[in-house]
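Topology and contacts: notes
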Amino acid sequence: MPSQAHHRTRPAPRAGPAVHHAAILPSMHRRPSRLPALDKRKDLALGRYPAIAALIGVMFSAVPGSAKAAAVQNLRCEYADNPVGIDSTQPRLSWMIQSQRRGERQTGYQILVASTPGLLSAGHGDLWNSGRVASDRSTQVVYSGQPLHSRERSYWKVRVWDRAGRPTAYSAPASWEMGLLKPRDWTASWISAPPTSGAMGPSPYLRKSFSLGRPIRRARIYVSALGLYELRLNGQRVGREVFAPGWTDYHHRVDYQVYDVTRMLKPGANAIGMILGDGWDAGYVASFGRNLYGKYPMAICQLEVEYTDGSRTVIGTDKSWKTANGPILQSDMLMGETYDARKELTGWDRPGFDDHGWNPVVAQTPEIELDAPRGPPVRVERLMPARSITEPKPGAYVFDIGQNMVGWARLKVKGPRGEKVTLRFAEMLNPDGTIYTANLRSARATDEYVLKGGATETYEPHFTYHGFRYVEVTGYPGRPRLSAITGVVVHSDIPFSSSFDCSNAMVDRLQQNILWGQRGNFMSVPTDCPQRDERLGWMGDAEIFAGTAAFNADVSGFYTQWLGDVRDTQAADGAYPDVAPRVGPIGAGTAGWGDAGVIVPWTVYLTYGDTRVIRENYSAMARWIEYCRQHSGGLLRPATGYGDWLAIGADTPKDVLSTAFFAYSDHLLARMAGAIGRTADAAKYNDLFHQIRAAFDRAYVGPDGRIKGDTQTDDALALEFDLLPAKQRATVAGRLVEDIRKRGWRLSTGFIGVGHLLPALTNSGNTSVAYRLLEQTQFPSWGYSINQGATTIWERWDGWTKEHGFQTPAMNSFNHYSLGSVGQWMYETVAGIAPDPAAPGYRHFFIRPEPGGGLTSARGAYESPYGRIESAWRLKDGRILMDVMIPPNSTATVTIPCPQPSAITESDKPARNANGVHFILNDDQSSVFEVGSGHYRFSAPAAKHP
């Protein structure tokens, strides 16, 4: 069976008629054992009551600081920098404020949007002048100007008023450009090489010569393919994208890209060319064979040239284009590529090339919607030089990249014409040093290069990728040098701008393994694995990891894009698919998998303050909840599905798990309904949650707190999803700890439970047990795989063990991010950075590290929508030293693990009297402060940790 998973975001709260902390804070933000009396007063401090909010506003306004003015920077539109080719006619704008002053906040803004740079420079917003808007909003600001049209480029800038009501200078200008908004904007035709039988064959080359006779003002290419394309213009590659246009459900829609090629054209003769690959559309997908969408690749391309005199020329794909086969004899995402350099078509993408022997293309008419992409493209991120070479068999050289990675190998070789070099890829080695490929199943993962002879040749494949650490090279002329192979790392272009590190080297390696798993599996869609014949957008894997993914990188556009595939493939009865895009005979309606359709939108909303993602997915989410209700008996969901996939030594009953997720998704939808003003729906779903919870308690929870199945996942889900009566939470938490103790302080959770396990322990006052699991190195644990040399997260706890070697090759990936969902807990509890659901998008957030285990220091840095957040702590000379950075226009509640506020200093001054620091309260373990933006240095006597 393919692999699955579940993602942990913060569970929704219990809702009730009264306004109290349980109605507005999710259970995962409670610390019952640490701060039992804090929550109501904390709600006041966070601005949930107007009088206190006003007081805090006055406090921050009065903070003294330097006179240096604030500045506006990092302008973005629809989560992108200066995007070209968007289709939102009401794009959302955001910016960040730069200021060294504490407590800096925005009190107003003014946006100017102009049709030309000159008008913008002159201060004339002919498309939109917002005027001064009294607001602290600096993210998700919706454009409200003149209607936007196809191809229109808009230039914008913004200024803000600071905490004292003083205006800043205007920001540097930014821009966005619309794509083709109407079907009639497309005048080009879909074309292909003459149809083939659908077998894996050569990649077609397409070309067109044309002439331009006047000076050019601007030029754009709009291009897409069913399959993959590489675009060329006058001998140069256009754009840095690979595997464009990306994977969508081609039964519904395909994305197109827009490129500014003004500087690549010239007066007179020009030539445009494309190489096509089978890709996901016509190539092998998972173990289901080829041609799941189409039989052969086809493309559409529209070059629009605007001259300085205002006239236009359009060169589009049509029957005048020509095609021929070239050196790419075959190229498939799973199987690899065969490239014969002797067949290269020198100059084919330049003007003047003789294409008389080329064949006419065939015009096609696929019925498919062309959409502008909303997520980042796939690009090359970095190069990884090989670290060592071995020769386990004569003539078979094994290169070790030193890191399990995803992409391909760059080959450098010199030898006789016609010699063939074969590259095979693997994640692990057999005991004899040869590459271990049994776990690839039917994926051939082999690249072949035939030399043209002469000088040193460099080869990289075009339309394939592999998951590997080791490259076996055979057929190489002579003995290769280490520089003969270089790893080329490829993934969706999400910025990995956050960081985490601590005093435990093994935990630091775990964080790196999590990051590399995300790199390798964010490949246009969130895949489960990158190496074998699967590589599917498993919903369970995506939802368990979404919270961790959102800490590691900016995944706003990536998930927004993928959620379109999720909606496209939802069944008529409301069942979400198990994979998206949906392919092959894979099911739907599975608990913990289908719930990604609710959990991932919640994660995007919580992380970025994005209410549009709720509105876009609302109908689909509501239909999913209704599907779950219809497919349940007495609100108990059936014992079907994958369960706690790949749990180790435990078997969580599927009906318990399914019902728990029914309650969880329903509760998240109640929260999201309230966020977009659908108060009646919020009340309805809250009421349904109470009913599901009551049914869960009656059916599965015994008087002694034993939950049916009695597994760690049972207990963790019940605690984290708020499914227990208050009187039984401590009992269930105790049972969870006891189960862990009996196993020698080891876990037993699989994909579904693992992301909830450590949060459940922390939120029930058992953080010390969570640290024991984090730092555990005995099997099964994260540390065990790391001690066996893991550089990514394994699919299974027992993927390889000293006692038994490799697990079954039928399902044994060594790059599966699901079990890496612990990363969210590491950011939120070890480093101490946590979002506030009452102020999503990090408008307000928590800094509350919980030192423990053997750690003496930890640091987390997170790039929020408002700017960089940092939380670092270290233990020194009996004190805990905390460095905290809060970005302008946001606030944070800082919890310091010291019960005496008078013993806490900030920048060597009593914290209660420090500038910009407002004491809230304390209990017998901690003190809580509210702070505005700025850099804070707290020091306090260190508590002793068990």
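To start, this report covers the structure provided alongside it. For clarity, every value in this text was computed on a predicted model and none was experimentally measured.

As a further point, take the overall build of the chain. A tally of regular secondary structure across the chain gives 18 helices and 51 strands. Computed over C-alpha atoms, the radius of gyration of the chain comes to 29 Å, within 12% of the 30 Å expected from 2.2 N^0.38 for 946 residues, which places it in the range of a compact globule. If you line up the chain on its principal axes, its C-alpha atoms span 85 × 75 × 60 Å. A total of 946 residues make up the chain; the buried ones form 64% of that total. In the chain, the proportion of contacts linking residues at least 24 apart, taken out of those at least 6 apart, comes to 75%. A distance of 4 Å separates the average location of the 103 positive side-chain charges in the chain from that of its 92 negative side-chain charges.

Counting residues in each nonpolar core, the largest one holds 212 residues, and the members touching the most others are Phe243, Tyr559, Leu774, Ile847 and Phe938. Here the element with the most residues in this core is helix H11 (residues 654–675); it accounts for 12 residues.

Right, let's get into the sheet that holds strand E8 (residues 174–178). What the five strands build is an open sheet, ordered E2-E8-E7-E4-E5; its pairing is mixed. At either end of the open sheet lies a strand with only one pairing partner, and these are strand E2 (84–86) and strand E5 (128–129). In the sheet, E2 pairs with E8 via two bridges, with the strands oriented parallel. Paired with Ile86 across the bridge in E8 is Met178.

For the rest of this paragraph, the subject is the side chain of Arg218. For Arg218, the position within the fold is in strand E11 (residues 216–226). In this structure Arg218 comes out as buried when scored by relative accessible area, which is 18%. Among the polar contacts listed, one links the side chain of Arg218 to the backbone oxygen of Arg151, at a separation of 2.9 Å. Here Arg218 is in contact with Arg151, Arg153, Glu177, Thr262, Glu304, Val305 and Glu306, once residues within four sequence places are set aside.

This part takes up the packing of helix H13 (residues 712–720) against helix H15 (residues 751–763). Close contact between H13 and H15 brings their axes to 8 Å; oriented N to C, the two are set at 60 degrees. If you check the angle between H13 and H15, you find them oblique. At the point where H13 passes H15, the crossing takes the left-handed sense. Note on element contacts: H15 touches H13 through Ile752, Gly753, His756, Leu757, Pro759, Ala760 and Asn763, opposite Gln712, Thr713, Ala716, Leu717, Leu719 and Glu720. Looking at the contact of H13 with H15 residue by residue, the classes come out as seven nonpolar, five polar and one charged.

Spatial ordering of the open sheet is given by E41-E42-E46-E50-E49, a layout of five strands whose pairing is mixed. Bordering the open sheet on either side are strand E41 (833–835) and strand E49 (917–922), each of which pairs with just one other strand. Strand after strand, the sheet turns through a mean of 25 degrees between neighbouring axes, direction not considered.

On to helix H8 (residues 556–568). In this model, H8 (13 residues) spans 19 Å end to end at C-alpha, consistent with the 18 Å of a helix rising 1.5 Å per residue. Most of H8 sits inside the fold, with 11 of its 13 residues counted as buried. When we look at burial in H8, the residues that qualify are Ser556, Gly557, Phe558, Tyr559, Thr560, Gln561, Trp562, Leu563, Gly564, Asp565 and Val566.

Attention now goes to the pattern of salt bridges. The full count for this structure, using the stated rule, is 61 salt bridges. Asp162 is the salt-bridge partner of Arg101, the closest N and O atoms lying 2.8 Å from each other. Within this pair, whereas Arg101 is found in the loop between strand E3 (92–98) and strand E4 (108–114), its partner Asp162 is found in the loop between strand E7 (153–161) and E8, the two being separated by 61 residues in sequence. Take Arg101 and Asp162: they sit in the same class, and that class is buried. With a shortest N-O distance of 3.6 Å, Asp355 and Lys322 are connected by a salt bridge. You can see Asp355 sitting in the loop between strand E22 (336–340) and strand E23 (359–360) and its partner Lys322 sitting in strand E20 (residues 322–325), a full 33 residues away along the chain. Here Asp355 falls in the buried class, since its relative accessible area comes to 13%. Salt bridges linked by common partners bring Arg153, Glu177, Arg217, Arg218, Arg220, Asp260 and Glu306 together as one network.

What follows covers the packing of aromatic side chains. The tally for this structure, following the rule as stated, stands at 46 aromatic pairs. Ring plane angle 65 degrees and centroid distance 5.5 Å describe the contact between Phe551 and Tyr862, whose orientation is recorded as edge-to-face. Residue Phe551 is located in helix H7 (residues 539–552), and its partner Tyr862 is located in strand E43 (residues 857–864); the two are separated by 311 residues in the primary sequence. A single burial state applies to Phe551 and to Tyr862, both of which are buried. Summarising the aromatic geometry, the rings of Tyr642 and Trp645 are spaced 5.9 Å apart at their centres and angled 75 degrees between planes, so their arrangement reads as edge-to-face. The burial state of Tyr642 is the same as that of Trp645; both residues are buried. In this structure, Lys157 is placed above the aromatic ring of Tyr170, and the distance from its NZ or CZ to the ring centre is 4.7 Å. Cation over ring: Arg535 sits above Tyr465, and NZ or CZ is 4.7 Å from the ring centre.

This part is about the environment of Ala282. Position of Ala282 relative to the elements: it lies in helix H5 (residues 279–282). Given a relative accessible area of 0%, Ala282 falls into the buried group. For the pair Ala282 and Gly517, spaced 235 residues apart in the sequence, the C-alpha separation amounts to 27 Å.

The next thing to look at is the environment of Thr767. In this fold, Thr767 is placed in helix H16 (residues 767–775). Measuring from C-alpha to C-alpha, the distance between Thr767 and Gly852 comes to 7.4 Å, with 85 residues separating the pair along the chain. A distance of 2.9 Å separates a polar atom in the side chain of Thr767 from a polar atom in the side chain of Glu850.

Turning to the packing of helix H10 (residues 612–630) against helix H12 (residues 679–700), a few remarks are in order. Where H10 meets H12, the closest approach of the two axes is 13 Å, and the angle between their N-to-C directions is 25 degrees. What the angle tells us is that H10 and H12 run roughly parallel. Note on packing geometry: the crossing formed by H10 with H12 is left-handed. Of H12, the residues touching H10 (which contributes Tyr618, Ala622 and Ile625) are Asp681, Tyr685 and Leu688. Here the contact of H10 with H12 is built from residues that sort into five nonpolar, no polar and one charged.

We now examine unusual backbone geometry. Of note, the bond from Ala244 into Pro245 is cis; its omega dihedral lies within 30 degrees of zero at 10 degrees. Summarising the element assignment, Pro245 is placed in the loop between strand E14 (241–242) and strand E15 (253–255). In this structure, the amide linkage connecting Phe779 to the following residue, Pro780, adopts the cis form with an omega of -5 degrees. Positive phi outside glycine occurs at Asp710, with the angle close to 50 degrees. Turning to its location among the elements, Asp710 is positioned in the loop between H12 and H13. Asp710 gets classed as partly exposed once you look at its relative accessible area, which sits at 28%. Although it is not a glycine, Asn889 sits at a positive phi angle of roughly 70 degrees.

So, on to the side chain of Ser150. The residue Ser150 is located in the loop between strand E6 (141–142) and E7 in this model. There is a polar contact of 2.9 Å between the side chain of Ser150 and the backbone nitrogen of Leu181. Setting aside chain neighbours within four positions, we find Ser150 in contact with Met178, Gly179, Leu180, Leu181, Lys182 and Asp185.

With four bridges connecting them, strand E36 (residues 499–502) and E43 associate as antiparallel partners. Along E43, the bridge assignment pairs Cys502 with Ala858. Across eight bridges, E43 lies against strand E44 (residues 867–876) in antiparallel orientation. Among the inter-strand pairings, Glu863 is bridged to a residue of E44, identified as Arg868.

Scoring rules and cut-offs
Residues numbered from 1 in each chain as written. Predicted model: local features only at pLDDT ≥ 70, side-chain atom pairs only at ≥ 80, totals over all residues. Heavy atoms only, no water. Helix = DSSP H or I, 4+ residues; strand = E, 2+ residues; numbered from the N terminus. Rg over C-alpha atoms; globule rule 2.2 N^0.38 Å. Buried < 20%, exposed > 50% of the residue type's maximum accessible area, 1.4 Å probe, protein only. Contact = heavy atoms within 4.5 Å. Lys, Arg positive; Asp, Glu negative; His and termini not counted. Charge placed at Lys NZ, Arg CZ, Asp CG, Glu CD. Core = buried A, V, L, I, M, F, W, Y, C linked by side-chain atoms within 4.5 Å. Pairing = 2+ DSSP bridges. Polar contact = N/O pair within 3.5 Å; in protein donor to acceptor, adjacent residues only side chain to side chain. Axes fitted to C-alpha atoms, helices over the stretch in contact; angles between N-to-C directions. Parallel < 35°, antiparallel > 145°, perpendicular 65-115°, else oblique. Left-handed = near helix turned anticlockwise from the far one by under 90°. Nonpolar A, V, L, I, M, F, W, Y, C, P; charged D, E, K, R; others polar. Expected span 1.5 Å × (residues − 1). Salt bridge = Lys/Arg side-chain N within 4 Å of Asp/Glu carboxyl O. Phe/Tyr/Trp six-rings, centres within 6.5 Å; stacked < 30°, edge-to-face > 60°. Lys NZ or Arg CZ within 6 Å of the ring centre and 35° of its normal.

On their own, these measurements won't tell you what the molecule is for.
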